[in-house]
Amino acid sequence: MPKTESNPIELGTRAADFILPDAQGVLHGLGDFDAKPALLVAFISNRCPFVVLIREAFAAFARDYAAKGLQVLAINANDHEAHPEETLARIGEEVEKFGYSFPYLKDASQQTAKAYGAACTPDFFLFGVDRRLAYHGQFDDARPGNGRPVTGADLRAAADTVLEGGKPAASQVPSIGCNIKWSAGNEPVWFSGAARAA
């Protein structure tokens, strides 16, 4: 199965601002979550097998950690014209079907994905209270077809550390998934020809 790794992003990078809609048309921005001690921005999709594998566990993770103060939000940046399963309406259906308790937003211009350096789905960016990047790694080591249990162990450990005021280890296993489906002519500089097949 073709796959794309998350980009190497320097830890300590500040979270990029955004204003993006959810399926109800409500706009959400970075500043809306200032009161939260930690923020997870997850770039996901409705179709990628790597996301499909973990979505129930990811929904459970978000519910578990909301009580601890972690704000989770998900962003779908895939080209919805070429991939109609990634429309705002379908995002709303995903929220209902899988019990997402967090905002699931549409980045139709793909500018937010570019600002974060997102490359794949899923792609996780965990920020501390200062909104500097603390973790940019995998959910866990489960992959489609590898038979390993979906636990969210890596992300859970990182979130625990951040919420306790610490810093996760600098050595982090990149997330792997489908490449973000960039609109024709809108591909970022890091989108290589090899990634186009993913």
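Quick note: structure is the one above.
Structure report, in brief. (Residues numbered from 1 in each chain as written. Predicted model: local features only at pLDDT ≥ 70, side-chain atom pairs only at ≥ 80, totals over all residues. Heavy atoms only, no water.)

This part covers the environment of Ala159. Assignment of secondary structure puts Ala159 in helix 4 (residues 153-163). On the basis of relative accessibility, which here comes to 2%, the residue Ala159 falls in the buried class. Considering only alpha carbons, one finds Ala159 and Glu94, 65 residues apart in sequence, at a separation of 24 Å. Setting aside anything within four residues of it in sequence, one finds Ala159 in contact with Phe61, Tyr65, Leu70 and Leu126. (Helix = DSSP H or I, 4+ residues; strand = E, 2+ residues; numbered from the N terminus. Buried < 20%, exposed > 50% of the residue type's maximum accessible area, 1.4 Å probe, protein only. Contact = heavy atoms within 4.5 Å.)

The subject of this paragraph is the state of the cysteines. Scanning the entire structure with this criterion turns up one disulfide. Between the sulfur of Cys48 and that of Cys178 lies a disulfide, 2.1 Å long from S to S. Judged by the torsion about the S-S bond (85°), the Cys48/Cys178 disulfide is right-handed. With Cys48 in the loop between strand 4 (38-43) and helix 1 (49-66) and Cys178 in strand 10 (residues 176-179), the pair connects residues that are 130 residues apart, well separated along the chain. Accessibility classification places Cys48 together with Cys178 in one group, the buried group. Free cysteine: Cys120, not disulfide-bonded; nearest cysteine sulfur from Cys48 at 8.2 Å. We classify Cys120 as buried; its relative accessible area is 0%. (Disulfide = S-S within 2.5 Å.)

This next bit is on the sheet that holds strand 7 (residues 120-121). Here we have three strands laid out as an open sheet, ordered 1-10-7, and antiparallel in their pairing. Where the open sheet ends on each side, the last strands, each with one partner, are strand 1 (4-5) and strand 7. Packed on one face of the sheet, helix 1 meets strand 7 and strand 10 and runs near 130° to strand 10. (Pairing = 2+ DSSP bridges. Axes fitted to C-alpha atoms, helices over the stretch in contact; angles between N-to-C directions.)

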